[in-house]
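Breakdown of the fold
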Amino acid sequence: MGAVLFSGTDPVTLPQCPQCHSAYTYEDGEMYVCPECAHEWAKDAATEPAEVRQVVRDAVGNVLRDGDTVTVIKDLKVKGSSSVVKVGTKVKNIRLVEGDHDIDCKIDGIGSMGLKSEFVKKVPV
C-alpha cells in the first residue's frame, strides 16, 4: 500500500516506488518521486501494469538469457527438410522469444530456426 495523502476530506492513495517498493512516495507536478531511492516516474506510467517476462529454462533447469550458448541434447528433425540437428550441436548467441519455440537461433549448415528450450542445455561460461 502506498502513502496516503489527504486532499480536503478525501484520502488519495499514492503508488509504491517501482524500484525500491517504498511507501513514502510523493507527487511533484506530473511526476511521482521516491525520497528513499530518488527514483522519478510519470503519473501515467504508474497506472500501466509492468510487463512480466517469463523465465526460460533449459532441460536441466538453468535460466537462459539472450546471447547464451547452448548445446542440443537430442537429435532434432528439421521440419520441411531431410536435415537433422545432431546431439551436441553447439548453438551460439541465442535469442529468447515468446511462443511455442522459445529460442530463435542460427545453426551452421542449417540456417535460422526456432528451438524449444526443453531440448537444449546451457553451456557453462
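These numbers come from a predicted model, not from an experiment. For every chain, the first residue of the written sequence is number 1, and numbering continues from 1 onward in sequence order. Local features in a predicted model are, by the rule used here, given only for residues with pLDDT of at least 70; side-chain atom pairs are given and counted only at 80 or more, and totals for whole chains, interfaces and linings are based on all residues. Only hydrogens and water are removed before side-chain values are computed, so all heavy atoms of the structure are retained for them.

Considerations on the packing of aromatic side chains
This is how it is decided: Stacked, tilted and edge-to-face are the three classes applied to pairs of Phe, Tyr and Trp rings, where Trp contributes its six-membered ring and a pair requires centres within 6.5 Å; stacked means planes under 30 degrees apart, edge-to-face means over 60, and tilted covers the rest. Note on classification: 1.4 Å probe, protein chains only; a residue is buried when its accessible area is under 20% of the maximum for its type, exposed when over 50%, partly exposed between these limits.
Enumeration according to the criterion identifies 1 aromatic pair in this entry. Measuring from ring centre to ring centre gives 5.7 Å for Tyr32 and Trp41, while their planes differ by 45 degrees; the resulting arrangement is tilted. Both residues of the pair, Tyr32 and Trp41, count as buried.

Some points on the nonpolar core
The line we're drawing: Here, the term nonpolar core denotes a set of buried Ala, Val, Leu, Ile, Met, Phe, Trp, Tyr and Cys residues that are joined through side-chain atoms within 4.5 Å. Note on conventions: DSSP H or I runs of at least 4 residues are helices, E runs of at least 2 residues are strands, and numbering of each starts at the N terminus. Here, two residues are considered to be in contact whenever any of their heavy atoms come within 4.5 Å of each other.
Formed by 16 residues in total, the largest nonpolar core has its most connected members in Leu64, Val91, Ile94, Ile103, Cys105 and Leu115. Where this core is concerned, the elements lending two or more residues are strand S6 (70-72), strand S11 (103-107) and strand S12 (111-115). It is S11 that contributes the most residues to this core, 3 residues altogether. The residues touching Leu115, leaving out its near neighbours within four places in the chain, are Leu76, Val91, His101, Asp102, Ile103, Cys105 and Val120. Membership of the second largest hydrophobic core comes to 5 residues, among which are Leu14, Cys17, Cys34 and Trp41.

Brief notes about the sheet that holds strand S4 (residues 31-33)
Operational definition: Strands were regarded as paired on the criterion that DSSP finds at least two bridges between them. Angular values range over 0 to 180 degrees, each being the angle between N-to-C directions of two axes fitted as lines to C-alpha atoms, with helices fitted over their stretch in contact.
Reading across from one edge, S3-S4-S5 is the order of the 3 strands in this open sheet, with antiparallel pairing throughout. Both outer strands of the open sheet, strand S3 (26-28) and strand S5 (40-42), are each paired with one neighbouring strand and no more. For this sheet, the mean inter-axis angle between neighbouring strands, taken without regard to orientation, is 35 degrees.

Notes on unusual backbone geometry
Even without being a glycine, His21 presents a positive backbone phi close to 60 degrees. Its location among the elements puts His21 in the loop between strand S2 (10-13) and S3. At Ala38, a residue that is not glycine, the phi angle is positive and equals roughly 65 degrees. With respect to the helices, strands and loops of the structure, Ala38 is situated in the loop between S4 and S5. Its relative accessible area of 60% is what places Ala38 among the exposed residues.

Concerning the pairing of S11
Successive side chains on a regular strand alternate, one facing one side of the sheet and the next facing the other. Here S11 shows a clear split, with Ile103, Cys105 and Ile107 buried on one side and none of Asp104 and Lys106 buried on the other. Following strand S10 (residues 95-96), the chain reverses through 6 residues before pairing antiparallel with S11; Gly99 in that reversal takes a positive phi of roughly 130 degrees. When S11 meets S12, the two strands line up antiparallel, connected through 5 bridges. Bridge pairing in S12 links Ile107 to Gly111. Hairpin remark: S11 followed by S12, antiparallel, with 3 residues in the connecting loop; positive phi at Gly109, about 85 degrees.

Some thoughts on the sheet that holds S11
One open sheet accounts for 3 strands, arranged S10-S11-S12; its pairing is antiparallel. Two strands bound the open sheet, and with one partner strand each, they are S10 and S12.

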